[in-house]
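# Fold and contact review
Below, each chain spelled out in residue letters.
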Amino acid sequence: LQALEFASNLVVKNINSSIDEIEAGGGTTMAAGMDAAMQILGDIDASEAGRYRRHRRLLFLTDMCDVNPILLNRMIAEQARLGLFVSFVGIGGGFNSQLAEEA
């Protein structure tokens, strides 16, 4: 995990090193990803988010194959309530575009 930080404060070499350590494996744990994002963003609710004048978005790179659609919709609704946007970038030959469109 990378803590939320201004881009100007990041050390590119460290970010690249972290990216290089990522290994493919397992399935998509969307719930864990959303939970981690919420921990990083803290307890800012929708009324506070507006005063920061920043667009906050969770971006998932996923094949959407191992995702529970009911849980996904529930979590996206909670993100929307908090003033967050959720986007999906489909990767892999088995990308489930129908589930992404329904979410």
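As a starting point, this report considers the structure included with it.

The rules behind these values
- Residues numbered from 1 in each chain as written.
- Predicted model: local features only at pLDDT ≥ 70, side-chain atom pairs only at ≥ 80, totals over all residues.
- Heavy atoms only, no water.
- Phe/Tyr/Trp six-rings, centres within 6.5 Å; stacked < 30°, edge-to-face > 60°.
- Helix = DSSP H or I, 4+ residues; strand = E, 2+ residues; numbered from the N terminus.
- Axes fitted to C-alpha atoms, helices over the stretch in contact; angles between N-to-C directions.
- Parallel < 35°, antiparallel > 145°, perpendicular 65-115°, else oblique.
- Left-handed = near helix turned anticlockwise from the far one by under 90°.
- Contact = heavy atoms within 4.5 Å.
- Nonpolar A, V, L, I, M, F, W, Y, C, P; charged D, E, K, R; others polar.
- Pairing = 2+ DSSP bridges.

Okay, the packing of aromatic side chains next. Using the criterion set out here, one finds one aromatic pair in the structure. Judged by centre distance (6.0 Å) and plane angle (25°), the rings of Phe-60 and Phe-88 are stacked. With Phe-60 in strand 1 (residues 57-62) and Phe-88 in strand 2 (residues 85-90), the pair connects residues that are 28 residues apart, well separated along the chain.

Here we take up the packing of helix 2 (residues 30-41) against helix 4 (residues 69-81). Contact geometry for helix 2 and helix 4: axes closest at 10 Å, N-to-C directions at 15°. In terms of orientation, helix 2 and helix 4 fall into the roughly parallel class. Seen from above, helix 2 lies across helix 4 with left-handed handedness. Across from Met-30, Ala-31, Met-34, Asp-35 and Met-38 in helix 2, the residues of helix 4 making contact are Leu-71, Leu-72, Met-75, Ile-76 and Gln-79. Partitioned by chemical class, the residues of the contact of helix 2 with helix 4 number eight nonpolar, one polar and one charged.

Bridge count between strand 1 and strand 2: six bridges; the pairing is parallel. Along strand 2, the bridge assignment pairs Leu-61 with Val-89.

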